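An overview of the molecular structure
Single-letter residue listing:
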Amino acid sequence: MTVTYSSKVANATFFGFHRLLVRWRGSIYKLLYREFLVFALLYSILSVVYRWVLTDPQKRLFEKLSIYCDRYAEQIPVTFVLGFYVTLVVNRWWNQFQNLPWPDRLMFLISSCVQGRDEQGRLLRRTLMRYVNLTSLLIFRSVSTAVCKRFPTIDHVVEAGFMTQEERKIFENLKSPHLKYWVPVVWFTNLASKARKEGRIKDSVDLQTILNEMNRFRSWCSTLFGYDWVGIPLVYTQVVTLAVYTFFSACIIGRQFLDPAQGYQGHDLDLYVPVFTLLQFFFYSGWLKVAEQLINPFGEDDDDFEPNWCIDRNLQVSLMAVDEMHMNIPHMTKDIYWNDPDVRPPYTRASADYCIPSFLGSTTDMGPSQSIVDPSLCLRDSKVFF
């Protein structure tokens, strides 16, 4: 489930992010602690072997190897390949979120354009929206492990009410080696055309608008399918992973503290604990873990999307919009500002500081004829809740 912390950073404060650093769920610590412990353990084992196990000739040979690894490890372009890769993954992740299929525009159109408060009209609107939700469910089943676990077979889809037994027979009798998420779209368009012929949709323009919006919805679904089908080239993922792990494999040897008595350049101190190497591992490997988590947001990581929640929400909201709310309009009454030309909604005392004068342009207070609004008048003339 997506980890939300927006309310914690609503205002910029002194050390505003420090509260976020101690959170565990969705944190980099939860993702990286295993790799971090393995790296620290391997470094410690090699340090103990160098200090207490090797003989002096063996130590001299190890020191040469350490200097060699440290020199050439810096030639691995970790920052470049990792930065470009993570940027690509984050852009891909955000585009997938923007293409999540939401039925809201369709349910507004169907509720307003498909007429009839009788049983047939109600059945027509609910069936159209059920086909819309069935389309998104079939896509989510094909790209999300969480949804596939919830609806592993068509039997579960039928049992959940997204498809009838008759529709299932038609669906399974259509022989195609390809994913058949588009079948409910065809049912939707045919049923909408039938509704137009029967007069349930009064205007051909309304029908065209509904079909265009359905095509937009289908485009969102096909885009998610395309992202699942064509991922970031495996060769690039392999290059980035090899670059990071090769770099830190070399660091296990190259970043060892060598005997200061040997006079090696840069080895004047023997601190035992490679603080900055550990930090470098934390940042670079954490960067790689970010890409690992975001490359497929339809898995079961802490920050992956919640398609099961989307399915529940979309079905409940869309059926309510086209059924209970169809032509169920509140009685019109005069608003409280009916005869008030100076409309100013009231403020609470907690929000009084946000009552500010209107912006009139940056040149308002230039020249002899200044038109300055006193901020105190704004609050004085406005209503205040008690």
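Residues numbered from 1 in each chain as written. Predicted model: local features only at pLDDT ≥ 70, side-chain atom pairs only at ≥ 80, totals over all residues. Heavy atoms only, no water.

Some thoughts on the overall build of the protein chain
For the protein chain, the count of helices and strands is 14 helices and 0 strands. Along the first, second and third principal axes, the C-alpha atoms of the protein chain reach 95 × 80 × 40 Å. The proportion of buried residues among the 386 residues of the protein chain is 36%. Of all intrachain contacts in the protein chain linking residues separated by at least 6 positions in sequence, the fraction that spans at least 24 positions is 73%. Counting every atom, the protein chain has about 24,200 Å² of accessible surface; 61% of that belongs to carbon and sulfur. For the protein chain, the distance from the average site of its 40 positive side-chain charges to the average site of its 38 negative ones is 5 Å. (Helix = DSSP H or I, 4+ residues; strand = E, 2+ residues; numbered from the N terminus. Buried < 20%, exposed > 50% of the residue type's maximum accessible area, 1.4 Å probe, protein only. Contact = heavy atoms within 4.5 Å. Areas by Shrake-Rupley, 256 points an atom, 1.4 Å probe, with all protein chains shown as cover. Lys, Arg positive; Asp, Glu negative; His and termini not counted. Charge placed at Lys NZ, Arg CZ, Asp CG, Glu CD.)

A short note on the pattern of salt bridges
All chains considered together, the criterion is met by 18 salt bridges. Put simply, Arg126 and Asp323 hold a salt bridge, and the shortest N to O gap is 2.7 Å. Here the residue Arg126 occupies a position in helix H5 (residues 119–143), and Asp323 occupies one in the loop between helix H13 (307–322) and helix H14 (375–381), the gap between them amounting to 197 residues. For Asp323, a relative accessible area of 13% gives the class buried. Because the salt bridges share partners, they merge into one network encompassing Glu35, Lys289 and Glu292. (Salt bridge = Lys/Arg side-chain N within 4 Å of Asp/Glu carboxyl O.)

Here's the deal with unusual backbone geometry
If you check the backbone angles, Tyr272 has positive phi at about 70 degrees while not being a glycine. Looking at the secondary structure, you find Tyr272 in the loop between helix H11 (234–254) and helix H12 (275–294). Backbone geometry at Met327 places phi at a positive 55 degrees, although glycine is not the residue there. Examined against the element boundaries, Met327 turns out to sit in the loop between H13 and H14.

Remarks on the UniProt feature "transmembrane region" (unreviewed entry) in the protein chain
Under the feature "transmembrane region" (unreviewed entry), the UniProt entry names residues 36–54, 75–94, 235–257 and 269–287. Helix makes up 95% of residues 36–54 and strand 0%. Its end C-alpha atoms lie 26 Å apart. As annotated, residues 235–257 has a helix share of 87% and a strand share of 0%, and its two end C-alpha atoms lie 35 Å apart. (UniProt positions renumbered as here; feature names shortened; annotations may be inferred.)

Some details on a nonpolar patch on the surface
A surface patch of nonpolar side chains, amounting to about 640 Å² of accessible area, comprises Leu21, Val22, Trp24, Tyr29, Tyr33 and Leu37. Along the chain, Trp24 turns up in the segment before helix H1 (28–53). (Patch = residues over 30% accessible without salt bridge, like charges linked within 9 Å, V, L, I, M, F, W, Y side chains within 5 Å.)

Comments concerning the nonpolar core
Phe140, Phe188 and Ile210 are the most contacted members of the largest nonpolar core, which totals 49 residues. At the level of secondary structure, the elements contributing two or more residues to this core comprise helix H4 (104–113), H5, helix H7 (154–159), helix H9 (183–197), helix H10 (204–229) and H13. The dominant element in this core, judged by the number of residues it contributes, is H5, at 11 residues. For Phe188, the contacting residues outside a window of four places in its chain are Leu106, Ile110, Leu128, Tyr131, Val132, Ile210 and Met214. Counting residues in hydrophobic clusters, the runner-up holds 23 residues, among them Phe39, Tyr236, Phe281 and Leu294. (Core = buried A, V, L, I, M, F, W, Y, C linked by side-chain atoms within 4.5 Å.)

Some details on the packing of helix H3 (residues 78–98) against H12
At a closest axis distance of 9 Å, the pairing of H3 and H12 adopts a crossing angle of 25 degrees. With respect to H12, the element H3 is oriented roughly parallel. With respect to the hand of their crossing, H3 and H12 are arranged in left-handed fashion. Every residue of H12 that contacts H3 at Val78, Thr79, Leu82, Gly83, Tyr85, Val86, Val89, Val90 and Trp93 is listed here: Tyr284, Trp287, Leu288, Ala291 and Leu294. Residue classes in the contact of H3 with H12 are distributed as 12 nonpolar, 2 polar and no charged. (Axes fitted to C-alpha atoms, helices over the stretch in contact; angles between N-to-C directions. Parallel < 35°, antiparallel > 145°, perpendicular 65-115°, else oblique. Left-handed = near helix turned anticlockwise from the far one by under 90°. Nonpolar A, V, L, I, M, F, W, Y, C, P; charged D, E, K, R; others polar.)

Side note on the packing of aromatic side chains
If you walk through the whole model with that rule in mind, you get 25 aromatic pairs. Centre to centre, the rings of Trp93 and Trp94 are 6.0 Å apart; their planes meet at 45 degrees, and the pair counts as tilted. With a centroid separation of 5.2 Å and an interplanar angle of 25 degrees, the aromatic rings of Trp94 and Phe97 are classed as stacked. Within this pair, Trp94 and its partner Phe97 are both found in helix H3, separated by 3 residues, close to a single helical turn. Members of the aromatic cluster, joined through ring pairs, are Tyr29, Phe36, Phe39, Phe247, Phe248, Phe281, Phe282, Phe283 and Tyr284. The ring of Phe171 has Lys180 lying over it, and the distance from NZ or CZ to the ring centre is 4.6 Å. (Phe/Tyr/Trp six-rings, centres within 6.5 Å; stacked < 30°, edge-to-face > 60°. Lys NZ or Arg CZ within 6 Å of the ring centre and 35° of its normal.)

Details of the packing of H9 against H10
At a minimum axis separation of 10 Å, H9 and H10 run at an interaxial angle of 175 degrees. Taken as axis vectors, H9 and H10 run roughly antiparallel relative to one another. Facing H9, whose interface residues are Val185, Phe188, Thr189, Ala192, Ser193 and Arg196, H10 presents Ser204, Leu207, Ile210, Leu211, Met214 and Arg218. Partitioning the contact of H9 with H10 into residue classes produces 7 nonpolar, 3 polar and 2 charged.

Description of the side chain of Arg200
Mapping Arg200 onto the fold places it in the loop between H9 and H10. A polar atom in the side chain of Arg200 sits 2.8 Å from the side chain of Asp118. With sequence-adjacent residues up to four places away left out, Arg200 is seen in contact with Cys113, Val114, Gln115, Gly116, Asp118, Gln120, Gly121, Leu124 and Ala195. (Polar contact = N/O pair within 3.5 Å; in protein donor to acceptor, adjacent residues only side chain to side chain.)

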